[in-house]
Amino acid sequence: MNRNALQQAVNNLSIQMVYLHTSEAKTYNGFDPLIPNQELVGEFNIDTKSCVKKEIQEENGVKHHFLVYQTEARMRYLKGPIPEELKEGQESNQELNKLVVAEIVALFTAEYEIKCDEELPKDAVLEFGRINVPHQVWPYWREYCHSTCARMSLPVSILPMLSINKATENDS
């Protein structure tokens, strides 16, 4: 992790809005959520996909600059038990995908106003998107996933608090 670049972004970006951009919720493989006592294994993932710069000019000519991040959050249930060879990654993801019985995918937009006049370095923008944006989107994702599971008659999983710091530090 590039701590200096990340700190530069943190110092110069101010969150303005997080909102749901698109979503999709499906069941697969003839899955019936109303059958009791099914063994289901939940998987969760969140990943910032893109960032673009946006400019808005007020009527008085004042310009505001923003970074707009798109972050995808995904939850899926797999029909258990999961064979050991799939757990250990010896088989392809295609085999694991055959076990998916339900999936919720949401794309969130997070907008940050740029508080400085100079251009933020690319590594600062990328580190912020990789580390900070998922943390700020996660509470919206938790609520959305929880309510969507209930609407789909899926087991309502309480998503854990997002804890990616140690994993992201190891990615560097």
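To be clear, the structure that these remarks concern was listed above.
Residues numbered from 1 in each chain as written. Predicted model: local features only at pLDDT ≥ 70, side-chain atom pairs only at ≥ 80, totals over all residues. Heavy atoms only, no water.

Comments concerning the packing of aromatic side chains
Tallying each qualifying case throughout the model produces four aromatic pairs. Here Y112 and F128 contribute two aromatic rings whose centre-to-centre distance is 4.9 Å and whose plane-to-plane angle is 90°, an arrangement assigned as edge-to-face. Here Y112, found in strand 4 (residues 100–114), pairs with F128, found in helix 4 (residues 122–151); they are 16 residues apart in sequence, far enough to count as distant. Neither Y112 nor F128 differs from the other in exposure class; each is buried. Members of the aromatic cluster, each reached through a chain of ring pairs, are Y69, Y112 and F128. Over the ring of F66 we find K54, and its NZ or CZ is 5.5 Å from the ring centre. (Phe/Tyr/Trp six-rings, centres within 6.5 Å; stacked < 30°, edge-to-face > 60°. Helix = DSSP H or I, 4+ residues; strand = E, 2+ residues; numbered from the N terminus. Buried < 20%, exposed > 50% of the residue type's maximum accessible area, 1.4 Å probe, protein only. Lys NZ or Arg CZ within 6 Å of the ring centre and 35° of its normal.)

Details of the side chain of T48
Secondary-structure assignment places T48 in strand 2 (residues 40–57). A polar contact of 3.2 Å, which involves the side chain of T48, links it to the side chain of T71. For T48, the side chain forms a polar contact with the main-chain oxygen of G129, separated by 2.6 Å. Residue contacts for T48: discarding those within four places in its chain leaves Y69, Q70, T71, G129, V133 and P134. (Polar contact = N/O pair within 3.5 Å; in protein donor to acceptor, adjacent residues only side chain to side chain. Contact = heavy atoms within 4.5 Å.)

Honestly, it's all geometry; don't read function into it.
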